[in-house]
Structure formats: structure tokens, C-alpha cells
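# Summary of structural features
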Amino acid sequence: MLLLASCSGSSVQVPASQQTAPIFGVQASEIDFLLQQARNSASPAAEGYQLDAMALMLEAGSVREAQALLAEIRTPNTLPEELQVRYRMAQANLALAQEEPAIALQTLSNPLFESIGTLTPDLQMEVRQLRADTLFQSKQYIAAVRERVQLAQLLDTEARIANNNAIWEILASAPALALTNANNNIDSYELRGWLELLRLINSNQNNIQTQMSAMDQWRNTWTQHSASARLPDALNIIYQIWQNRPLDIALVLPVQEPLGKAISEGLLSAYYDALAKGHEVPRIHIYDTSFRTDVLVLYDQAVDDGADMSIGPLLKDAVRRMQRSSRPMPVPTLALNYGDPGGGTPDGLYQFGLAPEDEIIQAADTAWAAGHRNAAVLTPAGGDYQRIQDTFVNYWEGLGGHVISVNSFAGATDYSPVIKRIFSIEASEARAARIRSLLPRNSIEFVPRRREDVDFIFLLANPSEGRQIKPTLSFHFAGDVPVYAMPAIYDGGSNPVANRDLNGVVFNDAPWVLSNQDPLKKIVNDTWPSASGPVQRLRAMGADSYRLYLRLEQMHRFPYTHLDGATGRLSLKPDGGIRRELNNAVMDNGVASVMPRSDAARAL
């Protein structure tokens, strides 16, 4: 490991326990050379060499070494203006490497950066790129795009292409509400064109053909825009995907079993809706795996029959066996379940389902963003629910929170005992009993006291259980304790009278369940019998399975790409699993009211 030397020749050795990444090979030699030059040079040349060395350290991921080297520059304010700018930039880069964008943004607000036009062109480009990256990490999306629009004027043709790709990544990553009020901040033809392109792409997400038509129309309208001659790579790939699209899809699904039946209802509804609108659709061949355990036999048969892609299987054990394959999948495969975490990710295998982990993590993130730190956990009893408890506890403690109490209930009709355990009310009652035994009268009035260190309750319960648990909290003087629940708390119906007992409960659920904005939902409900929340969620999963099949390669190549689907905002994880970001809602007067995304308020 390097010894970090100052220009005076003294050295700072970083303890092994604090080292973040060793530096090897050519890069280490370059850093050694720069440090040697710093030792042999006078100020301000020495500081220039140190800043060059620090940039290479950050590039290599050696954050603590870079921080130690920066500390060697004792009097940065006495340096020439250009080196002062580079010093502040080094501070900002260090803050970004330590995931502290707010500190980086504050550093870049130094008066030195108010008139960067006097700097060399190369340094101007570095400053603007650093500001754009910092604003992006600070969730100031429009400001980040504006910075990159200005940066484009300094770039050559190839660099502009990369810059346009970065602009699209910023826009595609932004929450929808973050750009809702963007019209107030549009100050250029370029920015307006980017936002119009984003609007067209998002409003045509459910069909690639209409998306391509929208892009062609945009290019014909915005002829002077920097992206008109060449769209960002994440959009150009759509044309390639369409040219190489699957023509024969195998649906490997137990269509006679409840889960498979509900999923197929949603998928086939999306398919026939596209067909009715005149869109080109693949041929779908159903391989019914109902009541079978050897479902991979039918999967292999589908491949032998000439399928270009498979949607399914659904059986978890089949997905696990696919994970263990040492070879790529014979055809792209969207499994409708998840295998084991870390169980392997063969090329061509994607996994999609209604994983409770997404719901648990979002509930925890929502509670954390609200400022809660001390959690109590309440779920049904049983091995299946132990995993829910463990997942929440591990994630919450990983955030830095504390779990005060973990409790379960087992088919109870009286939830008082478990609520008393959570809030240590039994201990309060025991103290009252001891007092009564000591005092010579029976007219003592007693109001139990609950523990006050529970910030919120993380709850897994069905609607019937939830409608009893919430009033029981009030009965035991804990009605003001926030409750964050998983989707199971909501039956998807409109029954304000029954749901009034759930008032105040915050939960997350699929957009399909919480609203009627997806036009396909009406088609499904008109075609198939009405259904409760669990079935509706599976139908939404089927609709998204069809909408995803042409998006997987785009998501794989450009991980920031997302689909605003029926089950949530969908994106691809590195292991091939589909991540769902659901909508948050709160029960208000017995009605589920959708909440804005947690970071929308500070996104602009």
C-alpha cells in the first residue's frame, strides 16, 4: 500500500483497518511518480501533483488514501485560482465517493465557481460534469440536465453522444412527480426537447411500436435538437429489439390452478388488447403445467417446438433448477417466480413475481424517511412469516434503526394480549396489582402506562385482522403510534364503512389495485369475474409479464430503464430479478388514498 507523501517529504501511512482498496500496476506507478514529483517540487507545483495523484486514487477506489493526501494541502486559499478550483473539486469528488452529495453540493457553491468562464476549457468541462453528477446524486434532476446541456457546448461530437446518454439516464431515473412541475424551469430549446421526448417515451411504454412511432415523430419535429441526429443508446436499442423480437412465445403456466389462472387472465388480456389495437403480436403457445412437478419437461418441449422465448415456469423449484444451470438458457426466459438469493444467474434467465421483499423494504424505507427509528414488528405466527420478520429486522437494523419488539399472533380473535406485550402494558398492570396489595383500600383508580419508545409498528395482517388490531391499539392508548403495513392489509375493494377501522394505516400496493388509471384493468374486469385484492395483484402480474417481454434486453443493457407497470415501477436487478417499486397509500375515512413518492418533494 502506498505511503502518502507531502511535498515536504513527510509521509502518512494509512492503517490497514482503514484501507479501502489497494492500488496495483500501472496506476500505482503513476501515483508514485506524481508523489515523487510533489516531493521534489516547490509550491504551487507540488500541490498540483498531489491533486493529480488524489484523482487517480479516487478513480482506483482508494478513498481513505485520497482523503489523507488532500489533508496534506494545508493552505489551499493561498494557491493560484486554478489550483483553488481544483482543490474544491477534489473535496467535492471525495464527498461523492463517500456518498455525501449534500456536502459536495455545498463545496461547489463556493464563490470560485460563480464565473467558470475564465478557466481553461478542459477545467470548465470538469467543473460542469462534476456539478451535473453532484446535482444528479442530490436528486435535483432538472438542474443536473441543465448543467449537462451547458456542458454540451464545450464537447466534440463523440463526447456529446456520451453526454446525451448521461442526460437520458438522469431523466429516465427521475421519479415521475419530480418532473411534473418542470415547465417552470424550462429555459432552453434543448431542455424543452428532452422533456418532450421523455413524455412521449413514458406515455407509450406499453407498446414498442407506438414508442418507435413517437420517437420518429419527435425527431421530425425537433430537427435542431442535439439528440435528433442520434438518439440516446437506451432508445436506439428499441429499434434493434423490435427487429429481433420473439415471434413464438411459450407460456409455461398452470392455467387450471388459481395462481396460474389469474396470471394468464392478465397476460392474455394484454395480448388481445394489443391485437385489437392493430399491433403486431407474437404467437403464444400454452404449455399447461397444472398439477405437475416435472414442469421443466414441458419447458424443454417448448424449446424443441421452436419457441423463441418462454414466459414461465411458475414453480419455485423449477426456477431453482434453472439457476443451477452452468449454461445460458436456450431461449430468453421470464420465470414467474424467484429462485434462491445468490443461487446463480445464467444468461437469459429473468425472474419476476410478487416478492414480499420489495414490499418489506419499501415499508421500511417509507418509515425511515418519515423519521422513525424504533420499530415494533407484528405478524402472524408460523414459519412462512418468520422470513418476513427476519427480512424486516435485518433491513431495518442495516439502515441504522432499532427493533424494540417482535411479536406474532395465531388466529386470535382478541388481540389485546399481543398489543400488551408490544407496549409492556402487562408490566404496568402488574405494578398496579402490587400497589393494590399494599394499600388498605380498593378504590384505587388505575390507568395503565405503555412504553413510549416505539415509533411505529410494522404489520403484516389481512384486512379482517387489521380491522381488529388497529382499534385494539387505540383501546390500549397506542392509537397514535403509526402503523406501516404490507399490501395484504387491503382487499382492493371499496368499502369505506368496513375499512374505517384501518384509518391512518400506511401501506404499499400495486398501482393496478389502488387506482383505475390502467385502461387494461377495466377490460380484465369486464372479461373475467370480479376478484379480490390477491387475485387482482396476480392479474396485474400477468399484464406486466406481457409488457415486459420486449423490455428485458433494454433493461439488461441500461439498468436505469424502468417500466411503470401494473404491479409497480419495474426495473432489473443485477441478478436478473425484477424489482418492484409500489405505490404508497394511507387509509383515510375508509378509502385508500395514494401518496406521492417519498422523494418527490425534494426532487426539483
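In this report, we go over the structure that sits alongside the text. (Residues numbered from 1 in each chain as written. Predicted model: local features only at pLDDT ≥ 70, side-chain atom pairs only at ≥ 80, totals over all residues. Heavy atoms only, no water.)

## With respect to the side chain of D509
Threshold: Going along the chain from the N terminus, every DSSP run of H or I of four or more residues is numbered as a helix, and every run of E of two or more is numbered as a strand. Any two residues whose heavy atoms approach within 4.5 Å are treated as being in contact.
The residue D509 is located in strand 12 (residues 506–509) in this model. Ignoring any residue separated from it by four or fewer positions in sequence, one finds D509 in contact with P487, Y490, L514, R537, L582 and N583.

## Concerning the sheet that holds strand 7 (residues 349–351)
Let me state the cut-off plainly: Should DSSP find at least two bridges between two strands, the strands are regarded as paired. Note on geometry: axes are C-alpha line fits, over the in-contact stretch for helices, and angles between N-to-C directions span 0 to 180 degrees.
Strand order across the open sheet formed by five strands is 4-3-5-6-7, with parallel pairing between neighbours. Edge positions in the sheet fall to strand 4 (283–288) and strand 7, since each of these pairs with one other strand and no more. The average undirected angle you get between the axes of adjacent strands in this sheet is 20°. In this sheet, strand 5 (residues 309–311) lies alongside strand 3 (residues 248–253) in parallel orientation, the contact comprising three bridges. Paired with I249 across the two strands is M309, which belongs to strand 5.

## Notes on unusual backbone geometry
Here is the rule we go by: Relative accessible area decides the class of each residue, using a 1.4 Å probe on protein chains only: under 20% of the type maximum gives buried, over 50% gives exposed, and in between gives partly exposed.
Here the bond from S43 into P44 is cis, since omega is 5°, no more than 30 degrees from zero. Examined against the element boundaries, P44 turns out to sit in the loop between helix 1 (25–39) and helix 2 (45–59). Its identity as a non-glycine residue notwithstanding, E99 has a phi of 60°, on the positive side. In this structure, E99 sits in the loop between helix 4 (81–97) and helix 5 (101–107). A relative accessible area of 69% means that E99 is categorised as exposed.

## Quick notes on the packing of helix 12 (residues 258–276) against helix 22 (residues 519–527)
The condition that has to hold: Roughly parallel means an angle under 35 degrees; roughly antiparallel, over 145; roughly perpendicular, 65 to 115; everything else is oblique. Crossings are classed by handedness, with left-handed meaning an anticlockwise turn of the near helix from the far one by less than a right angle and right-handed meaning a clockwise turn. Only Asp, Glu, Lys and Arg are considered charged, only Ala, Val, Leu, Ile, Met, Phe, Trp, Tyr, Cys and Pro nonpolar, and every remaining residue, Gly among them, polar.
Remark: helix 12 packs on helix 22, axes separated minimally by 10 Å, with the N-to-C direction vectors making an angle of 115°. Taken together, the axis directions place helix 12 and helix 22 in an arrangement best described as roughly perpendicular. In this structure, helix 12 meets helix 22 at a crossing whose hand is right-handed. Contacts between helix 12 and helix 22 pair G266, S269, A270 and D273 from the former with L520, I523 and V524 from the latter. Partitioned by chemical class, the residues of the contact of helix 12 with helix 22 number four nonpolar, two polar and one charged.

## Considering the pairing of strand 17 (residues 591–594)
Taken together, the four bridges between strand 16 (residues 583–588) and strand 17 define a ladder with antiparallel strand orientation. By the bridge assignment for strand 17, V586 is matched with S593. Counted between consecutive antiparallel strands, the loop separating strand 16 from strand 17 contains two residues, among which N589 sits at a positive phi close to 55°.

## Looking at the pattern of salt bridges
Formally: One speaks of a salt bridge when a side-chain nitrogen belonging to Lys or Arg is within 4 Å of a carboxyl oxygen belonging to Asp or Glu.
On inspection of all chains with the given rule, the structure shows 22 salt bridges. The salt bridge partner of R230 is D233, with a shortest N-O separation of 3.0 Å. Residue R230 is classed as partly exposed on the basis of its relative accessible area, which comes to 40%. The partly exposed category is assigned to D233, whose relative accessible area is 24%. Between R320 and D340 there is a salt bridge, and its shortest N-O distance comes to 2.9 Å. Of this pair, R320 sits in helix 14 (residues 316–323) while D340 sits in the loop between strand 6 (333–335) and strand 7, and the two are 20 residues apart along the sequence. The exposure class of R320 is partly exposed, given its relative accessible area of 28%. Taking relative accessible area as the criterion, D340 reaches 34% and is therefore assigned partly exposed.

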